[in-house]
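# Coordinate analysis (summary)
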Amino acid sequence: MNDQPLAGLKVIDFTGVQAGPACTQMLAWFGADVIKVERTNGGDVTRQQLRDIPDLDALYFTMLNSNKRSLAINTKTPEGKEVMEKLIRESDILVENFAPGAMDRMGLGWDYIHELNPRLIFGSVKGFNDDSKWNDLKVYENVAQAAGGAASITGFWDGPPTISGSALGDSNTGMHLMIGLLTAIIQRNQTGLGQKVSVSMQDAVLNLTRVKLRDQQRLERVGYLEEYPQYPHGEFGEAVPRGGNAGGGGQPGWILKCKGWETDPNAYIYFTVQEQNWGRTCEAIGHPEWKEDPEYSTTRARQPHIMEIFGEIEKWLADKTKYEAVDILRKWEVPCAPVLSMKELAEDPDMRKSGTIVEVEQKERGTYLTVGSPVKFSGFKPDIKGAPLLGEHTDEVLADLGYDADAIRKLREVSVVA
């Protein structure tokens, strides 16, 4: 018995770069047969982008396409389109993230696909949703962060809007799409009909930024936001401002220096002042007198001098490494964590043990690190494998569709497949 939850699902992965591949990769981790359809001349553009080893698939590609099979095909040829139509008839899901209108120009728009296979679910990632006045724009990660509101509220109040290093536009949108696809599968199993599932990058970014939409409404009603560093001394404009490193949920927090910050750019912790744990926090940082002081005893009383409080905490941290500080603070149940670098995470044995970071092997490249499943199951553990080489499974996929060796050879001879 196959213990993979999505075993039996066949997915056509018509995606490139990050948003689409992040979605289909997770489907593959959970057991779906994901067939990555690629151009014969180079495949997914990320195979060549930001290479660390000349002439080999870049990590950009390998870390977003594990557990998939690769079919290299020219879909613009009549023979190539025929292969795609056969594949569509036998598949459960097709995912695409081409520029607006590309699938229609290819002759594989939603209406035609739905006619070919009424049970198939069509997943689509676009920059903006169909009702947006910007729905014709091509969109990348940072464009989505700007359009989805994240950039406007990230950074410091005296500086420009700032982009997050995390893929709020790309991988986040892929995860949202996967939720939609699995929901549509459940409904398809009840009704027998597939449907189109769309997620825009702008919408997915806004979904992660919902607490700031909450703050916009509060700001318009009362004119200030009491948990932001600007309160009560600064001024508020018409829109939610950038709040630096402030906590977003009513529990003040800040990134604070620890021992070694002068030479280590990540010698910091994030420290949260939790209302219900204020007394223990005071004891932890050596200021027990603050517990009953009316200037400090409530969140509202503390806010006018919250930065002074964080300054005092930094003095307490000055002779402690970020790890030492967290080990002390955890005993007092202070919500905190060290600022971990990519190097520290890559070398963290706990991340390896949990399968959050895994070492896999790809033909030609050899071993490399990749991110594993962030979702943990009690009944199964995803088996993360290396990414496919371009066209590595072309013959295998064609054979599954009923093409014999002679037919496959002829398709190769006329460069329909590679």
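Conventions used here
Residue positions are counted from 1 within each chain, in the order its sequence is given. Given that this is a predicted model, residues contribute local features only at a pLDDT of at least 70 and side-chain atom pairs are listed and counted only at 80 or more, while totals for whole chains, interfaces and linings are drawn from all residues. With hydrogens and water stripped out, all remaining heavy atoms of the structure feed into the side-chain values. Secondary structure elements are taken from DSSP: a helix is a run of H or I of four residues or more, a strand is a run of E of two residues or more, and numbering for both begins at the N terminus. Three exposure classes are used, based on accessible area relative to the maximum for each residue type with a 1.4 Å probe and protein chains only: buried under 20%, partly exposed in between, and exposed over 50%. Only the protein chains shown count as cover for residues, and all accessible areas are computed by the Shrake-Rupley method using a 1.4 Å probe. UniProt positions are given in the numbering used here, feature names are shortened, and annotations may be inferred rather than shown by experiment. The contact rule is simple, with two residues in contact once any of their heavy atoms fall within 4.5 Å. Aromatic pairing here means that ring centres of Phe, Tyr or Trp (its six-membered ring) are within 6.5 Å. Orientation follows from the plane angle: under 30 degrees is stacked, over 60 is edge-to-face, and everything else is tilted. Here, a strand pair is defined by DSSP locating no fewer than two bridges between the strands. Only the stretch in contact is used when fitting a helix axis, every axis being a line fitted to C-alpha atoms; angles between N-to-C directions are given from 0 to 180 degrees. Residues belong to one nonpolar core when they are buried, are Ala, Val, Leu, Ile, Met, Phe, Trp, Tyr or Cys, and are joined through side-chain atoms within 4.5 Å. In what follows, salt bridge is the name for a side-chain nitrogen of Lys or Arg lying within 4 Å of a carboxyl oxygen of Asp or Glu.

Bringing the overall build of the chain into the picture now. The helix and strand inventory of the chain stands at 17 helices and 11 strands. C-alpha extents for the chain along the principal axes are approximately 85 × 45 × 40 Å. Residues classed as buried in the chain amount to 46% of the 418 residues present. Here the chain displays about 20,900 Å² of accessible surface, and carbon together with sulfur accounts for 53% of that area.

In the numbering used here, UniProt assigns the feature "active site" (unreviewed entry) to Asp-170. By secondary structure assignment, the location of Asp-170 is in the loop between helix H6 (141-147) and helix H7 (171-191). By relative accessible area, Asp-170 is classed as buried at 8%. In this view, Asp-170 contacts Gln-18, Ala-19, Glu-141 and Met-201; residues no more than four positions away in its chain are not counted.

This next bit is on the packing of aromatic side chains. Applying the stated criterion across every chain yields a total of 13 aromatic pairs. Both rings, one in Trp-254 and one in Phe-310, keep their centres 6.3 Å apart while their planes meet at 25 degrees; by these two values the pair is stacked. Note that Trp-254 is positioned in strand S7 (residues 253-257) and Phe-310 in helix H12 (residues 306-317), a separation of 56 residues in sequence. Residue class for Trp-254 comes out buried when judged on its relative accessible area of 10%. Here Phe-310 falls in the buried class, since its relative accessible area comes to 3%. Between Phe-377 and Phe-380 the ring centres are 4.9 Å apart and the planes differ by 55 degrees, which places this aromatic pair in the tilted class. A relative accessible area of 36% places Phe-377 in the partly exposed class.

Turning to the sheet that holds S7, a few remarks are in order. Judged by pairing direction, the sheet is antiparallel, and its 3 strands sit side by side in the order S7-S8-S9 without closing on themselves. Edge strands, defined here as strands with exactly one partner in the open sheet, are S7 and strand S9 (336-338). Strand-to-strand twist in this sheet, taken as the mean axis angle between neighbours without regard to direction, amounts to 20 degrees. By the bridge criterion, 3 bridges tie strand S8 (residues 268-272) to S9 in an arrangement that is antiparallel. In the sheet register, Ile-269 faces S9, and the bridge partner there is Pro-338.

Time to look at the environment of Ala-32. Relative to the helices and strands, Ala-32 is located in the loop between helix H1 (19-29) and strand S2 (33-38). Ala-32 sits in the buried class, given a relative accessible area of 6%. Separated by 35 residues in the primary sequence, Ala-32 and Asn-67 place their C-alpha atoms 9.2 Å from one another. The contact partners of Ala-32, leaving out residues within four places of it in the chain, are Leu-6, Leu-9, Val-11 and Leu-27.

Before going further, it helps to spend a moment on the side chain of Thr-173. Counting through the fold element by element, Thr-173 comes out in helix H7. For Thr-173, a relative accessible area of 0% translates into the label buried. Setting aside residues no more than four positions away along its own chain, Thr-173 makes contact with Val-125, Leu-168, Val-199, Ser-200, Met-201 and Ala-204.

Turning our attention to the nonpolar core. If you look at the biggest cluster of nonpolar residues, it comprises 37 residues, and the most contacted ones within it are Leu-27, Leu-177 and Leu-181. Secondary-structure elements contributing two or more residues to this core are H1, strand S4 (93-96), strand S5 (121-126), H7, strand S6 (196-200), helix H8 (201-208) and strand S10 (357-362). Those residues in contact with Leu-181, other than ones at most four positions away along the chain, are Cys-23, Leu-27, Ile-93, Val-95, Ile-121, Gly-123 and Val-197. Core analysis: the second largest hydrophobic core is formed by 27 residues, Met-106, Leu-108, Trp-110 and Val-416 among them.

This part covers the pattern of salt bridges. Under the criterion given, the structure shown has 29 salt bridges. Here Asp-33 ties to Arg-69 by a salt bridge, and the two come within 2.8 Å at their closest N and O atoms. Taken together, the residues span a long stretch of sequence, with Asp-33 in strand S2 and Arg-69 in strand S3 (residues 69-72) at a distance of 36 residues. Taking relative accessible area as the criterion, Asp-33 reaches 24% and is therefore assigned partly exposed. Looking at Arg-69, the relative accessible area reads 13%, which means it is buried. Two residues, Asp-406 and Lys-410, come together in a salt bridge whose shortest N-O distance is 3.5 Å. With Asp-406 and Lys-410 both in helix H17 (residues 405-413) and 4 residues apart, the pair spans about one turn of that helix. Taking the relative accessible area as the measure of exposure, Asp-406 reaches 36% and is therefore partly exposed. A relative accessible area of 47% means that Lys-410 is categorised as partly exposed. Among the charged side chains, a salt-bridge network with shared partners connects Asp-33, Arg-69, Glu-396 and Asp-400.

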